[in-house]
Amino acid sequence: MQRLFSEHEIRPVRSLDGIWQLTARNGQETPLPAGVPGVWESIPALAAFRGTADYVRKVQVRRDGAVLLRFGGVSHTARIFWDGIRIGEHYNAFTGFEILLPEVSRGEHELRVEADNRYSDQSALHVPNDYMTYGGINRPVELHEIGGAYLERMAFHAEETDGSFTACVRVFVRALQALTNASLSISVAGSETVCRLPDLAPGGSTVADVRLPVTGVRRWDLFQGNLYDLKARLLVGQRETDDLIDRVGFRTVRIAGEDLLLNGRKICIKGFNRHEDHGQFGCSLPPEAMLHDLQLILDLGGNSVRTCHYPNDPRFLDLCDELGILVWEENHARALPEAVFHSELFARQCAACNEEMISQHVNHPSIYLWGLLNECESETPFGRGVYEKQIAQLRALDPTRPVTFATCRLFTDICLDLADVVSFNIYPGWYTQESTADLLDRLFRWMDEHGAKNKPALISEIGAGAIAGFHDPFRRAKWSEERQCEILREQLSAVRQHPRCSGSYIWQFADVKVSEEWAAQRPKTMNNKGIVDQYRQPKMSYLTVREIYSNE
Ligand code: ADA
């Protein structure tokens, strides 16, 4: 399923995960059994396949009526076919999508997913990059049986006044057939309300807005993942016809001058950059592997994860909610070339990613910060226009969270004033030969004079490379594990001691595959700056980081 808990008690929902039949369009004759969720690169014969492949399975529908197909993610472009008829498509591996079939007959049907992971002029976010774009149905698939009207989604945030919380809830209702005499029952943390809905014509929709005072709730906080079921039920007359459940937390995130406040308390970020990538699972990690990553991050003394450089699997966010780990979630963009960044295709595809990221993930209490456009063109007037437009879109979609972007345009960036939190990617001792403390002093002085005075500052990336198993205790050459320890110790000590810094995200948690096009500058065609290797075996630097991050 797409979440770690059941989103429905009334609506019939079935998982379509399991073994599908996969046929790659590479001359392959016979279909191969393939796991869903999964990536085809896990199959030896397709380990290096970049192209289009068809996933097919039979689906039993138990009654005549409307069906909703929900996909957590298909990498990276999906074209969906039902009984041979094209019913929908979606771009971007890292956000979910759904397709409504208003009239489906009872019986057996064929579902075919055409997945395409090619780099092309139709893809502005998945481009050859310092991470891997895999191929497959990388997140779970569900079949929902829908009635004449259904609850599309909910948006929640908590407001606190004088120590008391109010649950602010929006419920989005859609009618397939005429809807009359309908109402919504909404409950959370022991409070409940019922609100009447307006009559809706077929195809109509409405949004119910409610504010529910709650008492005696346990705050969501660091390492205290206190969660409450938010339940909405659709009633027609007295009959419950649909429902939707999410899990929410009561906490506040605020900025006070240079400080980040969680529940009114200043926090210091001890974070890790984490790609959705694993030596065995590609970008399709099962929840147990996600949990293992977070257990390592907690063992390392970490308290936050940056979802570099795209929205993450909701099940991973569910785990962060449960464990009380803060999340910087960001849209899908990493250092895009000018021709892409200036294209209309990029503007359209990135705006869609922003909308899907926030509408699908807005209820996760662990997300404290929205990020966008990692290391894109924030030093030019054109780029400033893009940052302005996208930051405005993020704020409109969610006015309750601060916004940041990670820049590498040190001393040339002209967009710092647009962000609530200023974030720098720096690699002193690896890419540049300078002391971290000196660089931080210069950088923070410069930011205060260039639009970012009295704003919190994060070091969003800092680290060094090490080839797992390469030891060089005498020379301590770059790429040795010894040198990675040395550089990280110097970097993190300086960051942790600098009063102007609200914390850091180490680049990066684990080694990850990169596109073949990056092989010349990436040994093993991997980004080797992990603290653990791609199978989560610790490097020497694991103990160095744990020592530094575990000290208060
Ligand atoms: C950049 C980028 C990361 C990664 C890193 C590196 O800061 O944001 O995705 O490529 O550099 O390893 O050089």
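Note that the structure is a prediction, hence the values are computed from the model and not measured. Residue positions are given per chain, counting from 1 as you read along its sequence in written order. Local features are withheld for residues below a pLDDT of 70 in this predicted model, meaning they are given only at 70 or higher, and side-chain atom pairs are given and counted only at 80 or more; totals for whole chains, interfaces and linings count all residues. Water and hydrogen atoms play no part in the side-chain values, which are based on all heavy atoms of the structure.

**A word on the site of the ligand**
Applied cut-off: We call a residue near a molecule or strand whenever a single non-hydrogen atom of that residue lies within 4 Å of it. Any N or O atom pair separated by 3.5 Å or less is treated as a polar contact, with the protein-specific requirement of one donor-capable and one acceptor-capable atom, and with residues adjacent in sequence counted only for side-chain atom pairs. Using the Shrake-Rupley algorithm and a 1.4 Å probe, accessible areas are obtained, with residue cover drawn only from the displayed protein chains.
By nearness alone, 13 residues border the ligand, and Asp130, His309, Glu375, Tyr431 and Glu461 come closest of all. Take Arg522: an N or O atom from its side chain is 3.2 Å from an oxygen atom of the ligand. Across the complex, the protein chains shield 96% of the 320 Å² of accessible surface that the ligand would expose by itself.

**Re the packing of aromatic side chains**
This is how it is decided: Centres within 6.5 Å are what make two rings of Phe, Tyr or Trp a pair, Trp counting through its six-membered ring; a difference in plane orientation under 30 degrees is then read as stacked, over 60 as edge-to-face, and the rest as tilted. Strands are runs of DSSP state E lasting at least two residues, helices are runs of H or I lasting at least four, and both sets are numbered from the N terminus onward. For each residue, the accessible area found with a 1.4 Å probe, counting protein chains only, is set against the maximum for its type, and the residue is called buried under 20%, exposed over 50%, and partly exposed in between. Throughout this description, the term charge over a ring refers to an Arg CZ or Lys NZ atom that lies within 6 Å of the ring centre and within 35 degrees of the ring normal.
Following the criterion strictly, the structure yields 17 aromatic pairs and no others. An angle of 90° between the planes, with centres 5.6 Å apart, marks the rings of Phe156 and Phe250 as edge-to-face. You can see Phe156 sitting in strand S11 (residues 149-161) and its partner Phe250 sitting in the loop between strand S17 (239-248) and strand S18 (253-256), a full 94 residues away along the chain. Just as Phe156 is buried, Phe250 falls in that class too. With 6.2 Å between their ring centres and 80° between their planes, Phe341 and Phe382 make a pair best called edge-to-face. Here Phe341, found in helix H3 (residues 338-341), pairs with Phe382, found in helix H5 (residues 381-397); they are 41 residues apart in sequence, far enough to count as distant. In this structure Phe341 comes out as buried when scored by relative accessible area, which is 1%. Note on Phe382: relative accessible area 37%, which makes it partly exposed. Looking at Lys529, its charged tip hangs above the ring of Tyr427, at a distance of 6.0 Å from the centre.

**A word on the pattern of salt bridges**
The line we're drawing: Definition used for salt bridges: Asp or Glu carboxyl oxygen within 4 Å of a side-chain nitrogen of Lys or Arg.
For the structure shown, the criterion picks out 51 salt bridges. A salt bridge links Asp242 to Arg11, with the nearest nitrogen and oxygen atoms 2.8 Å apart. Of this pair, Asp242 sits in strand S17 while Arg11 sits in the segment before strand S1 (13-15), placing them 231 residues apart in sequence. One exposure class covers both Asp242 and Arg11, and it is buried. The partner of Glu379 in a salt bridge is Arg409, and the shortest N-O contact between them spans 2.9 Å. Placement of Glu379 in the loop between strand S24 (367-371) and H5 and of Arg409 in the loop between strand S25 (403-407) and strand S26 (421-425) is noted, with a sequence separation of 30 residues between them.

**What to know about the sheet that holds strand S12 (residues 164-175)**
Counted only if it meets this: For two strands to be treated as a pair, DSSP must find at least two bridges joining them. To obtain each axis, a line is fitted to C-alpha atoms, and for helices this fit is confined to the stretch in contact; angles are then taken between N-to-C directions over 0 to 180 degrees.
In space, the three strands of this open sheet follow the order S11-S12-S15, with antiparallel pairing throughout. Every interior strand has two partners, whereas the edge strands, S11 and strand S15 (205-214), have only one. Mean inter-strand twist for the sheet, computed between neighbouring axes without regard to direction, equals 15°. In this sheet, S15 lies alongside S12 in antiparallel orientation, the contact comprising ten bridges. Looking across to S15, one finds that Val169 is bridged to Val210.

**Let's talk about the packing of helix H4 (residues 344-361) against H5**
So the rule is basically this: To sort the angles, those under 35 degrees are grouped as roughly parallel, those over 145 as roughly antiparallel, those from 65 to 115 as roughly perpendicular, and the leftovers as oblique. Two helices that cross are described as forming a left-handed crossing if the nearer one is turned anticlockwise from the farther one by less than a right angle, and a right-handed crossing if clockwise. Whether two residues are in contact is decided by their heavy atoms: any pair within 4.5 Å suffices. Gly counts as polar in this scheme, as do all residues outside two lists: the nonpolar Ala, Val, Leu, Ile, Met, Phe, Trp, Tyr, Cys and Pro, and the charged Asp, Glu, Lys and Arg.
Following both chains from N to C, one finds H4 and H5 inclined at 25°, their axes separated by 10 Å at the closest point. Here H4 lies roughly parallel to H5, going by the angle between them. When you trace H4 past H5, the crossing you get is right-handed. From H4, Phe346, Cys350, Ala351, Asn354, Glu355, Met357 and Ile358 reach across to H5, where they touch Val386, Gln390, Gln393, Leu394 and Leu397. Of the residues in the contact of H4 with H5, the class split is eight nonpolar, three polar and one charged.

**A short note on the environment of Leu260**
Considering the arrangement of structural elements, one finds Leu260 in strand S19 (residues 259-262). As a C-alpha pair, Leu260 and Ser502 span 242 residues in sequence and 7.1 Å in three-dimensional space. Among residues more than four places away in sequence, those in contact with Leu260 are Arg254, Ile255, Arg265, Lys266, Ile267, Ile269, Tyr368, Val421, Pro456, Leu458 and Ser502.

**Considerations on the pairing of S19**
The sheet contact formed by S18 and S19 spans four bridges and is antiparallel. For Ile255, the partnering residue across the bridge sits in S19 and is Leu260. The hairpin turn running from S18 into S19, its antiparallel successor, is two residues long, and Gly257 in that turn takes a positive phi close to 60°. Sheet analysis places S19 next to strand S20 (residues 265-266), joined by two bridges and oriented antiparallel. Across the sheet, residue Leu261 finds its bridge partner in S20, namely Lys266.

**Examining the domain arrangement of the protein**
Formally: Start and end points for every domain follow an automatic or database-based domain assignment. The term buried area refers to how much accessible surface (probe radius 1.4 Å) is lost by two components on association, counted for both of them together.
Annotation of the protein at the domain level lists domain 1 (13-146), domain 2 (149-248) and domain 3 (263-550). Spacing between the C-alpha centres of domain 1 and domain 3 amounts to 29 Å. Facing the 27 residues of domain 1 at the interface are 34 residues of domain 3. With both chains or domains summed, domain 1 and domain 3 bury close to 2,600 Å², and 55% of this area falls on carbon and sulfur atoms. With a shortest N-O distance of 4.0 Å, Asp313 and Arg139 are connected by a salt bridge. Looking at side-chain class alone, the side of domain 1 that touches domain 3 contains 13 nonpolar, eleven polar and three charged residues.

**A few points about the state of the cysteines**
In protein structure, a disulfide is the covalent linkage between the sulfur atoms of two cysteines. To be explicit about the condition: Two cysteine sulfur atoms make up a disulfide if the distance between them is within 2.5 Å.
Per the counting criterion, the structure on display carries zero disulfides. Looking at the unpaired Cys353, the closest cysteine sulfur is the one in Cys350, lying at 5.8 Å. Looking at Cys353, the relative accessible area reads 1%, which means it is buried. The cysteine Cys501 is free of any disulfide, with Cys268 supplying the nearest cysteine sulfur at 7.1 Å. By relative accessible area, Cys501 is classed as buried at 11%.

**Observations concerning the side chain of Gln491**
By the secondary structure assignment, Gln491 is in helix H7 (residues 481-497). Its relative accessible area of 0% is what places Gln491 among the buried residues. Here the side chain of Gln491 touches Gly463 through a polar contact of 3.1 Å, landing on its backbone oxygen.

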